[in-house]
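Here is what each chain is made of, one letter per residue.
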Amino acid sequence: MSFAQRTRHLRPEGAYQVLARAQALEASGQKIIHLEIGQPDFETFANIRQAGIDAINAGYTRYTPPAGMDALRQAIAADAGHRRGINIRPDQVVVSPGAKPNLFFPVLALVEPGDEVIYPDPGFPTYAAMIGVAGGIPVPVPLSEANRFSFDLQAFNQRVNDRTRLIILNSPSNPTGGVIPVSDLEQIASAAQRHHCWILSDEIYARLVYDQLSVPSIAALPGMLERTIIVDGFSKTYAMTGWRLGFGIMPTELAEVVQLLLTHSVGCTAQFVQIAGIEALTGPQEQVNQVLHEYQRRRDVIVDGLNSIPGVTCQRPQGAFYVFPNISSFGYTSTELAELLLDRAGVAVLPGSAFGDKGEGYLRLVYSNSLENIEQALERIRQVLREL
Ligand code: PLP
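This structure is a prediction, so every number in the text was calculated from the model and none was measured.

### Remarks on the overall build of the chain
A tally of helices and strands in the chain yields twelve helices and 13 strands. Scaling as 2.2 N^0.38, a compact globule of 388 residues should have a C-alpha radius of gyration of about 21 Å, and the chain matches this with 21 Å. Principal-axis analysis of the C-alpha atoms gives the chain an extent of 60 × 55 × 55 Å. Looking at the chain alone, contacts between residues at least 24 apart form 74% of all its contacts between residues at least 6 apart. Positive and negative charge centroids in the chain, built from 31 and 39 side chains respectively, lie 2 Å apart.

In structure tokens, the structure reads:
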């Protein structure tokens, strides 16, 4: 069978492939520790669950306007604006089922075939996928370990030019947990202004930040709100991955086009899910802080544990729930090593190469798992690597 050119570069996400292999091993009786799938291990907070159930029982099971219910758009504009120190109007907010449509549709709305799009390598695999579907030319920029996985600015400056239509940023980052410091954002912002490019700033991990750090949004820099799409959502902050609720914030004219793409694809986001989202934003926030505190404890255990294994070096990330240890000293590809750890240690992790060429030599481990499991996984990894 032959399929349209625009789909030929698409591949499954690495996490789902590893999960399938891990589940096959589990079916044969092995105990696997799952450090491959990037989602919180906590339940959706009780007040949010209840708001969703109440909304279904009250009959909120109908279509809503494609860009979302007014009350949710208002709540998002107020909360997201306050957290970033910017003024956002509700008509700049587009609600979507998960954050992903707000990555995909702005790219479809902005990128013509042949336009160049800069994105992070290693980076979330959806970026390269959607650039390809839009017919854009993917231009990866390395994240450098030496620079705590911020953009390699020298490489960025060599790649940005008048053909660049869009620059994709992700801070804190999947898969590295790295954060882009404000001084780097300023340089990226001035290049975007010089070359008249758009910025797509994926801030889905903006609330998962450690060490009392504040992660700035490029949209808050002078003159940047009018050329930036902020993408954020409820999946990671409120442990709502399966509810599918996210949003984009962008100039109104672009929001109208993205709304049309939503209209003619998904239609709208489930009404009761949007009502649960209002509760998430306007209800108590203590649990977000408690979870954050717990993640930070786990981060420190996993980073210290990995660094104590001979041959492994691991940066201490400032955000998200991923670590990205350097395993290049073992002489295996990251795929070989990930397979070996799954087969011999019963620990499921992702090869760094699943996130781009520059991810080779690294593994991605998710620490949204219990401390007990993390400690056990570290012990098993240590034993297997010692025998290599
Ligand atoms: N952006 C990044 C960097 C992610 O890691 C993810 C999910 O893993 C998403 C976006 C998608 O979020 P959602 O599940 O809300 O669509």
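### Examining the site of the ligand
Around the ligand there are 13 residues in total, and D202, Y205, S235, K236 and R244 lie nearest to it. Between an oxygen atom of the ligand and a main-chain N or O atom of A99, the distance comes to 2.9 Å. Contact distances for the ligand include 2.7 Å between an oxygen atom and a side-chain N or O atom of S235. The fraction of the free accessible surface of the ligand (400 Å²) that becomes covered by protein chains is 93%. When the residues that make up the shell around the ligand are grouped by side-chain class, the tally is five nonpolar, four polar and four charged.

### Concerning the packing of aromatic side chains
This model, assessed by the stated rule, comprises 13 aromatic pairs. For the ring pair F149 and F324, a centre distance of 5.7 Å and an interplane angle of 80 degrees mean the geometry is edge-to-face. Of this pair, F149 sits in the loop between β4 (137-144) and β5 (150-151) while F324 sits in the loop between β10 (322-323) and α11 (334-345), and the two are 175 residues apart along the sequence. Relative accessible area serves as the criterion here: at 2%, F324 is assigned to the buried category. With 5.5 Å between their ring centres and 70 degrees between their planes, Y295 and F321 make a pair best called edge-to-face. Separated by 26 residues along the polypeptide, Y295 in helix α10 (residues 286-307) and F321 in the loop between α10 and β10 bring together distant segments of the chain. Neither residue differs from the other here; Y295 and F321 are each classed as buried.

### Digging into the pattern of salt bridges
A side chain with one charge can pair with a side chain of the opposite charge if their charged atoms come near. A complete count under the given rule lists 16 salt bridges for this structure. For D79, the salt bridge identified is with R83, shortest N-O distance 3.1 Å. With D79 and R83 both in helix α3 (residues 70-84) and four residues apart, this pair spans about one turn of that helix. Note on D79: relative accessible area 17%, which makes it buried.

### With respect to the packing of helix α4 (residues 100-110) against helix α8 (residues 252-263)
One way to put it is that α4 packs onto α8 with a least axis distance of 9 Å and a crossing angle of 110 degrees. What the angle tells us is that α4 and α8 run roughly perpendicular. Like other packed secondary-structure pairs, α4 and α8 cross with a definite hand, here right-handed. Where α4 approaches α8, its residues P101, N102, F105, P106, L108, A109 and L110 are matched on the opposing element by L254, V257, V258, L261 and L262. Taken together, the residues of the contact of α4 with α8 break down into eleven nonpolar, one polar and no charged.

### Section: the domain arrangement of the chain
Taken as a whole, the chain is organised into domain 1 (5-43 + 286-387) and domain 2 (60-282). Its C-alpha centre places domain 1 at a distance of 25 Å from the equivalent point of domain 2. Across the boundary between the two partners, domain 1 contributes 35 residues, which contact 35 residues of domain 2. Taken together, the two surfaces of domain 1 and domain 2 that pack against each other cover about 3,000 Å², and 57% of this comes from carbon and sulfur. The interface formed by domain 1 and domain 2 contains two salt bridges.

### With respect to the side chain of S171
With respect to the helices and strands, S171 occurs in the loop between β6 (164-170) and α7 (182-194). A relative accessible area of 11% means that S171 is categorised as buried. Within the structure, the side chain of S171 is placed 2.9 Å from the backbone nitrogen of I180, a separation counted as a polar contact.

### Description of the side chain of S334
By the element assignment, S334 lies in helix α11. Residue classification places S334 among the buried positions, given a relative accessible area of 0%. Separated by 3.2 Å, the side chains of S334 and S353 make a polar contact.

### A short note on the environment of E286
Relative to the helices and strands, E286 resides in helix α10. Placed 138 residues apart in sequence, E286 and R148 show a C-alpha to C-alpha distance of 29 Å.

### Some points on the sheet that holds strand β13 (residues 363-366)
By way of backbone hydrogen bonds, the strands of a sheet pair with one another, either parallel or antiparallel. Within the open sheet, the three strands sit side by side as β10-β13-β12. Their pairing is antiparallel. Every interior strand has two partners, whereas the edge strands, β10 and β12 (350-351), have only one.

### Description of the sheet that holds β6
Spatial ordering of the open sheet is given by β2-β9-β8-β7-β6-β3-β4-β5, a layout of eight strands whose pairing is mixed. Strand pairing shows two members of the sheet lacking a second neighbour, β2 (93-96) and β5, which therefore form its edges. Against the sheet, α3 contacts β2, β8 (228-233) and β9 (246-249), and its axis sits at roughly 115 degrees relative to β2. Strand contacts of α8: β2, β7 (198-202) and β8, with the helix running at about 20 degrees to β2, the strand carrying the most contacts.

### Focus: helix α2 (residues 46-57)
Compared with the 16 Å implied by 1.5 Å per residue over twelve residues, the 16 Å span of α2 between its first and last C-alpha is a close match. Of the positions making up α2, those classed as buried are I48, A51, G52 and A55. Taken down its axis, α2 places every buried residue within 95 degrees of arc, on the same side. Positive backbone phi, at 90 degrees, marks G59, one or two positions downstream of α2.

The rules behind these values
- Throughout this description, residue numbers start from 1 for each chain and increase along the sequence as written.
- The predicted nature of this model means local features are confined to residues of pLDDT at least 70 and side-chain atom pairs, given and counted, to a pLDDT of 80 or more, with totals for whole chains, interfaces and linings taken over all residues.
- To get the side-chain values, take all heavy atoms of the structure and skip hydrogens and water.
- For helices the rule is a DSSP run of H or I covering at least 4 residues; for strands it is a run of E covering at least 2, with both sets numbered from the N terminus onward.
- Each radius of gyration is computed over the set of C-alpha atoms, and the globule rule expresses the reference value as 2.2 Å times the number of residues to the power 0.38.
- Two residues form a contact once any of their heavy atoms are found within 4.5 Å.
- When charges are counted, Lys and Arg are positive and Asp and Glu negative, with His and the chain ends excluded.
- Every charge is mapped to an atom, namely NZ of Lys, CZ of Arg, CG of Asp or CD of Glu.
- One heavy atom within 4 Å of a molecule or strand makes the whole residue count as near it.
- A 3.5 Å cut-off defines polar contacts: any pair of N or O atoms within that distance qualifies, except that in protein one atom must be a possible hydrogen donor and the other a possible acceptor, and neighbouring residues in sequence count only when both atoms are side-chain atoms.
- For every accessible area listed, the method is Shrake-Rupley and the probe measures 1.4 Å; residues are considered covered only by the protein chains on display.
- In the scheme used here, Gly and all other residues not listed as nonpolar or charged are polar, with Ala, Val, Leu, Ile, Met, Phe, Trp, Tyr, Cys and Pro taken as nonpolar and Asp, Glu, Lys and Arg as charged.
- Aromatic rings from Phe, Tyr and Trp, taking only the six-membered ring of Trp, are treated as a pair when their centres fall within 6.5 Å; an angle between ring planes under 30 degrees marks them as stacked, one over 60 as edge-to-face, and anything in between as tilted.
- With a 1.4 Å probe rolled over the protein chains alone, any residue whose accessible area is under 20% of its type maximum counts as buried; one over 50% counts as exposed, and the rest are partly exposed.
- The term salt bridge refers to a pairing of a side-chain nitrogen on Lys or Arg with a carboxyl oxygen on Asp or Glu at a separation within 4 Å.
- What counts as an axis is a line fitted to C-alpha atoms, over the stretch in contact for a helix, and the angles between N-to-C directions run from 0 to 180 degrees.
- Throughout, the term roughly parallel applies to angles under 35 degrees, roughly antiparallel to angles over 145, roughly perpendicular to angles from 65 to 115, and oblique to all others.
- Left-handed is the label given to a crossing in which the near helix is rotated counterclockwise from the far helix by less than a right angle, and right-handed is the label when the rotation is clockwise.
- The domain boundaries here were taken from an automatic or database domain assignment.
- Accessible area, probed at 1.4 Å, shrinks when two parts are joined; the buried area is that loss added up over both.
- When DSSP locates at least two bridges between a pair of strands, those strands are taken to pair.
- Multiplying one less than the number of residues by 1.5 Å gives the expected span of a helix.
- The directions considered for the arc are those from the helix axis to the C-beta atoms.

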